Amino acid sequence: MRPTRGRRFDVMLAIVLGACAVVARSQEGHPLVGTWHGTWGPDAAQRHDVTIVLEFDGKAITGMLNPGPDSIRFDQVTLDADKWSVHFEATPKGTNAKPIVIDATIHDVTNRRRSLVGTWTQGSVKGDFKVTRDD
Amino acid sequence: MIATRAARLIVLAGAAVLCWSLRPAPSVAQQPPPRRPSQDPGQTPGPGRGRAARGPSKPTPRHAGGRVNLGAPAGESGFWGGGGSIVGRRGSSLPANPEVSGVPFQPWSKALYDARLKQGEKDDPHARCLPPGGPRQFQTPNGFEFIEQPERKRITIIFGGGPRSWRFIYLDGRPLPRLDDPDLIPTYFGYSTGRWDGDTLVVESTGYNEKFWFLRGGLPHTDALHLTERFSRPDFDTLKYEVTVDDPKAYTRPWTGGFTVPWTYTNWDGSPGGEIHEYFCQDNERDYSRLR
């Protein structure tokens, strides 16, 4: 059976995510480092899959949203370790794309399967957001 | 009827004996069996082992060429017990150790350390029987032993506690792996090269993964961790362990701590012998389900 374009994309995405998983091997170090999966959306019926990959070089947290052909590198990621709150800013490709702002808190920070829970804002659209760190 | 009752009694007794014989060995992730001499950090040598039980220590044992022997001399047995901490100055910890307030944490690593303490260290990977790298390997009950292998230009350290691991220290002059090498596979014990500086074995290690806590209590580390360990044996019964922690992603500057470790003359049950007994953390591990 000839693979459809969607299936090809799935395969490509799986390869990219697999490569990211090799890079994201941290578990007990900096609590943001690693690969996170989850969803965001304005309500329970409208959910969008989200993958976040984050790294830390000792000074700055960097990373990307949804690795693959349409990945978006974060412009800014800041962590307030006193509250375990995290602020993300990203600018999607395209002239009409609205900037993305995510404000979240790390839940159960000592757990290797910790979560980021908060809000996702893109233009006038606002929704809840939750991703869990891969083990 | 009598025969039937007797048969039932025999079966019951047999079952009881069988159950008793199959009872799990007294082992949990980090605690020694009840009769075992205590090797908790911060304790001085107890009865049956170490200097306290035998009076003044014998001199440092040496090989024929004069170099320090970190193991048991020919014809003798024994191993090293558990050590103290590289933070704080209690028990067998070194007097120059920093207190926690003196550890140069980055803000995130201090916050994570505090969170781990506040939660009772419930997510300690060692409670899931994962290997303890770094100084933690010498804090684990059931002791350790240096096996010198000059023909292979390496020293192997075997550990009686945790998941019964071992570690190689190469003395052949090979370089440490580069942390930016894409082929590097980070490991629990890292990659170690050593050299003798007089009577001190100096070991450099890097290439650690982030799947473990490198010290009891949960001081964080990252994949940038570089350890410089110094092993010396000031007398027969004492191993002095010092380590410099250099992890610029977790700490603002390198820092040093250490502890002493007592020589153990006895077996786990206190009988003479000084042999590491068989122990596997995974066997009868019952802690983790209660930590969630």
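Residues numbered from 1 in each chain as written. Chains lettered and ligands numbered in written order. Predicted model: local features only at pLDDT ≥ 70, side-chain atom pairs only at ≥ 80, totals over all residues. Heavy atoms only, no water.

1. Some details on the sheet that holds strand β7 (residues 115–122) of chain A
All names here are of chain A. Filter applied, for reference: A pair of strands counts as paired when DSSP detects no fewer than two bridges linking them. The numbering of helices and of strands both runs from the N terminus, where a helix is a DSSP run of H or I of at least 4 residues and a strand a run of E of at least 2. Only the contacting stretch of a helix is used when fitting its axis, a line to C-alpha atoms as for every element, and angles between N-to-C directions run 0 to 180 degrees.
Taken together, the 8 strands give a closed barrel; going around it, the order is β1-β2-β3-β4-β5-β6-β7-β8, and neighbouring strands pair in antiparallel fashion. Geometrically, the sheet is characterised by an average inter-axis angle of 25° between neighbouring strands, direction not taken into account. With 5 bridges joining them, strand β2 (residues 48–56) and strand β3 (residues 61–65) adopt antiparallel strand pairing. Pairing of V53 across the sheet is with M64, part of β3.

2. Concerning the interface of chain A and chain B
We count it as follows: Only heavy atoms matter for contacts: two residues are in contact if any of them lie within 4.5 Å across the pair. By definition, the buried area sums, over both parts, the 1.4 Å-probe accessible area that each loses when the two are put together. By definition here, a salt bridge exists when the distance from a side-chain nitrogen of Lys or Arg to a carboxyl oxygen of Asp or Glu is within 4 Å. Polar contacts, as used here, are pairs of N or O atoms within 3.5 Å; protein pairs need one atom able to donate a hydrogen and one able to accept it. Residues neighboring in sequence count only if both atoms are side-chain atoms.
Opposite the 18 residues of chain A that make contact, chain B presents 24 residues. Buried surface at the junction of chain A and chain B, summed over both partners, amounts to about 1700 Å²; 50% is from carbon and sulfur atoms. Here chain A and chain B share 2 salt bridges between them. Across the salt bridge formed by D108 of chain A and K122 of chain B, the nearest N and O atoms sit 3.5 Å from each other. Linking chain A with chain B are 10 residue pairs in polar contact (both at pLDDT 80 or more), by the criterion used here.

3. What about the environment of P56 of chain B?
In this structure, P56 of chain B sits in the loop between α2 (50–54) and β1 (79–80). Sequence separation between P56 of chain B and D235 of chain B is 179 residues, and the spatial gap between their C-alpha atoms is 9.5 Å.

4. Brief notes about the pattern of salt bridges
Definition in use: Think of it in three bands: residues with accessible area under 20% of the maximum for their type are buried, residues over 50% are exposed, and the middle band is partly exposed, with areas taken using a 1.4 Å probe on protein chains only.
By the definition in use, this model includes 15 salt bridges over all chains. Between R112 of chain A and D135 of chain A there is a salt bridge; the shortest N-O distance is 3.1 Å. Of this pair, R112 of chain A sits in the loop between β6 (100–107) and β7 while D135 of chain A sits in the segment after β8 (125–133), placing them 23 residues apart in sequence. Its salt-bridge partner being K249 of chain B, residue D223 of chain B comes within 3.0 Å of it at the nearest N-O pair. Of this pair, D223 of chain B sits in the loop between β6 (200–206) and β7 (226–235) while K249 of chain B sits in the loop between β8 (238–246) and β9 (255–264), and the two are 26 residues apart along the sequence. D223 of chain B gets classed as partly exposed once you look at its relative accessible area, which sits at 23%. One continuous salt-bridge network, built from bridges that share partners, spans D108 of chain A together with K122 and D123 of chain B.

5. A word on the confidence of the model for chain A
Quick note on the threshold: Per-residue confidence from the predictor is reported as pLDDT, which spans 0 to 100.
Per-residue confidence for chain A gives a mean pLDDT of 87, with 81% of residues at or over 70. Segment residues 13–24 of chain A: pLDDT under 50, and 12 contacts once partners within four positions in sequence are set aside and those in other chains are kept.

6. Concerning the packing of aromatic side chains
All names here are of chain B. This is how the line gets drawn: A pair of aromatic rings is counted whenever rings of Phe, Tyr or Trp (Trp by its six-membered ring) have centres within 6.5 Å, and the orientation is called stacked for planes under 30 degrees apart, edge-to-face for over 60 and tilted otherwise. Here, over-ring charges are defined by two tests on the NZ atom of lysine or the CZ atom of arginine: distance to the ring centre within 6 Å, and angle to the ring normal within 35 degrees.
Counted by the stated rule, this structure contains 23 aromatic pairs over all chains. A ring pair is formed by W80 and W263, whose centres lie 4.8 Å apart and whose planes are at 75°; its orientation type is edge-to-face. You can see W80 sitting in strand β1 and its partner W263 sitting in strand β9, a full 183 residues away along the chain. Accessibility assignment for this pair places W80 and W263 in one class, buried. Put simply, the rings of F138, F144, F146, F159, F189, F231, Y241 and F259 pair up and form one aromatic cluster. Between the NZ or CZ atom of R233 and the centre of the ring of F236, over which it lies, the distance is 4.7 Å. Across from the ring centre of W263, 4.6 Å away, lies the NZ or CZ of R233, which sits over that ring.

7. Describing the nonpolar core
The condition that has to hold: Throughout this description, the term nonpolar core refers to a set of buried Ala, Val, Leu, Ile, Met, Phe, Trp, Tyr and Cys residues connected via side-chain atoms within 4.5 Å.
Of all hydrophobic cores here, the largest spans 70 residues; its most connected members are L116 and F129 of chain A. In contact with L116 of chain A, other than residues within four places in its own chain, are L32, W36, V86, F88, A104, T105, I106, F129, K130 and V131 of chain A.

8. Concerning the pairing of strand β1 (residues 34–41) of chain A
Residue and element names in this part refer to chain A. Within β1, 6 of the 8 residues are buried, which leaves the element mostly enclosed by the surrounding structure. Summarising the sheet, β1 and β2 pair through 7 bridges and their orientation is antiparallel. Note on β2: the bridge partner recorded for G38 is V50. Here β1 runs beside β8; their pairing, made up of 6 bridges, is antiparallel. The partner of G38 across the bridge, within β8, is V131.

9. Things to note about the environment of F129 of chain A
Residue and element names in this part refer to chain A. Here F129 shows up in strand β8. C-alpha of F129 to C-alpha of G118: the two residues are 11 residues apart in sequence and 5.2 Å apart in space. If near-sequence neighbours (up to four positions away) are discounted, F129 is found in contact with T39, W40, V50, I52, I102, A104, L116, V117, G118, T119 and W120.

10. Overview of the state of the cysteines
Residue and element names in this part refer to chain B. Just so we agree on the cut-off: When two cysteine sulfur atoms are found within 2.5 Å, that pair is recorded as a disulfide.
A full pass over the atoms with the stated rule returns 1 disulfide over all chains. Each disulfide pairs two cysteine sulfurs, and for C129 the partner residue is C281, the sulfurs being separated by 2.1 Å. Residues C129 and C281 share a disulfide whose torsion about the S-S bond is about -75°; that sign makes it left-handed. Highlighted residues: C129 in the loop between α3 (107–118) and β2 (144–149) and C281 in the loop between β9 and α4 (288–291), separated in sequence by 152 residues. For C281, a relative accessible area of 0% gives the class buried.

11. Remarks on unusual backbone geometry
Positive phi, close to 55°, is recorded for D108 of chain A, a residue that is not glycine. A residue is classified by how much of its surface remains accessible, and D108 of chain A, at 34% relative accessible area, is partly exposed. Of note in the backbone geometry, K153 of chain B takes a positive phi value of approximately 50° without being a glycine.

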